[in-house]
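Report on the structure
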Amino acid sequence: MSLIVVGSMAYDAIETPFGKTDWIVGGAATYVAWAASNFVKPINQISIVGYDFDQEELDQLAKRGVNLEGVERVKDKKSFFWRGRYHMDMNTRDTLVTDLNCFLDFNPVVPASYQGSEFVMLGNILPSLQINVIKQLKQRPKLIAMDTMNFWMDNALDDLKQLITMVDVLTVNDSEARQLSGEFSLVKAARAIMKMGPKFVIIKKGEHGALLFHGDQVFVAPALPLEEVFDPTGAGDTFAGGFMGHIAATRDISFENMKTAIIVGSAMASFCVEKFGPNRLKEVTRADIDARIRQFVDLVNFDIKLV
């Protein structure tokens, strides 16, 4: 039931209307690993960090069942660093600093011990690197999922289109789905993207939930109405971690099970936003997760009599 996770491990400086932190662990692969490790072990991590990356952070992940053999430490460069400021609506943010540092050297290598992993989550990195990871796998995994963003659509579209033909699940937000497909309607956008290759398309809509598409089937997952959203950084990656964690744990890639996985991912994302960085994810228990999932079920469960 092993899951390969590929992506960034970094440090962030985050400012929101409710507080700020000048130094906290972040990166897509970090959030995915913390979320997915609630459901499946091992998490086979592939990333790169600098000399300044706290060993304690790595030790905490290792205790959660994260295999760090595929995480390279660069001795003479700092870790990837991002600084951002969120607006009052918490949906928009300004990127103030992006220092790639050691991430410029990232050339993901799949260790021999990772071969045979049934599930793969390709975090949002250069499409050519995502392709390289897939090509290194000696056996086709049961399911390959990927994330991407507008920047690669603007600057690496040919590689991105090639990559999309090689994966089973594509996760994008609504603006990315529209840009990639050229369609305004998200239903039409999903259909156009599925024709490019992936069997499943997940369109994330932030505080408005997520949409899952497969063939002519559509599932709409709500977002939990939260009284406070403290820090939305990493929520999308946490969603992906919860989603893939459930899929890997159940080894069921049916549309019906993916509907459940969407709810699990949404529940994990709702925890993520409650504190800075992955701090809330570090303390959440399985009982907390089960209770939160029940809240999602209650949110959309109703009886109706048609007259």
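Sequence positions are assigned chain by chain, starting from 1 and proceeding in written order. In keeping with the predicted nature of the model, local features appear solely for residues at pLDDT of at least 70, side-chain atom pairs appear and are counted solely at 80 or more, and the whole-chain, interface and lining totals rest on all residues. Heavy atoms from the whole structure form the basis of all side-chain values; hydrogens and water molecules are not counted.

Turning to the environment of Lys 135, a few remarks are in order. Numbering of helices and strands runs from the N terminus, with a helix taken as a DSSP run of H or I at least four residues long and a strand as a DSSP run of E at least two residues long. Mapped onto the elements of the fold, Lys 135 is located in helix α3 (residues 127-136). For the pair Lys 135 and Met 166, spaced 31 residues apart in sequence, the C-alpha to C-alpha distance is 9.6 Å.

Strand order in the open sheet formed by four strands is β3-β2-β6-β7, and the pairing between neighbours is mixed. Edge positions in the open sheet fall to β3 (19-26) and β7 (93-99), since each of these has one partner strand only. The sheet shows a mean angle of 15° between the axes of neighbouring strands, taken without regard to direction. For two strands to be treated as a pair, DSSP must find at least two bridges joining them. Looking at chain direction, strand β6 (residues 80-86) and β7 are connected through six bridges and run antiparallel. Bridge pairing links Phe 81 to Asp 99 in β7. The axes used here are C-alpha line fits, helices contributing only the stretch in contact, and every angle between their N-to-C directions lies in the interval 0 to 180 degrees.

The next point concerns the nonpolar core. Residues belong to a common nonpolar core when they are buried Ala, Val, Leu, Ile, Met, Phe, Trp, Tyr or Cys residues joined through side-chain atoms within 4.5 Å. Each residue's exposure class comes from its accessible area (1.4 Å probe, protein chains only) as a fraction of the maximum for that residue type: buried when under 20%, exposed when over 50%, partly exposed otherwise. In this structure, Leu 3 and Phe 243 are the most contacted members of the largest nonpolar core, which totals 59 residues. For this core, the leading source of residues is helix α9 (residues 255-272), giving eleven residues. Contacts between residues were defined by any pair of non-hydrogen atoms, one from each residue, lying within 4.5 Å. When residues no more than four places from it in sequence are discounted, the contact partners of Phe 243 are Val 169, Ile 202, Met 258, Ala 261, Ile 262 and Gly 265. Counting residues in each nonpolar core, the second largest holds 41 residues, with Ile 4, Val 110, Val 133 and Phe 213 among its members.

This paragraph deals with helix α5 (residues 157-164). Within α5, burial applies to Leu 160, Leu 163 and Ile 164. Burial along α5 is one-sided: seen end-on, the buried residues are contained in an arc of 100°. In this context, the arc is that of the directions from the helix axis out to the C-beta atoms.

Here we take up the pattern of salt bridges. Salt bridges are defined as contacts in which a side-chain nitrogen from Lys or Arg sits within 4 Å of a carboxyl oxygen from Asp or Glu. Tallied over the full model, the rule gives 15 salt bridges. Note that Lys 204 and Asp 147 form a salt bridge whose closest N and O atoms lie 3.8 Å from each other. Taken together, the residues Lys 204 in strand β11 (residues 200-204) and Asp 147 in strand β9 (residues 143-147) connect sequence positions 57 residues apart. Residue Lys 204 shares its accessibility class with Asp 147, and that shared class is buried. Note that Asp 168 is salt-bridged to Lys 199, the shortest N-O span being 3.1 Å. Residue Asp 168 is located in the loop between α5 and β10 (169-173), and its partner Lys 199 is located in the loop between α7 (186-196) and β11; the two are separated by 31 residues in the primary sequence. Overall, Lys 199 belongs to the partly exposed group, its relative accessible area being 47%. Residues joined by salt bridges that share partners form a network here, namely Glu 274, Lys 275, Arg 280, Glu 283 and Arg 292.

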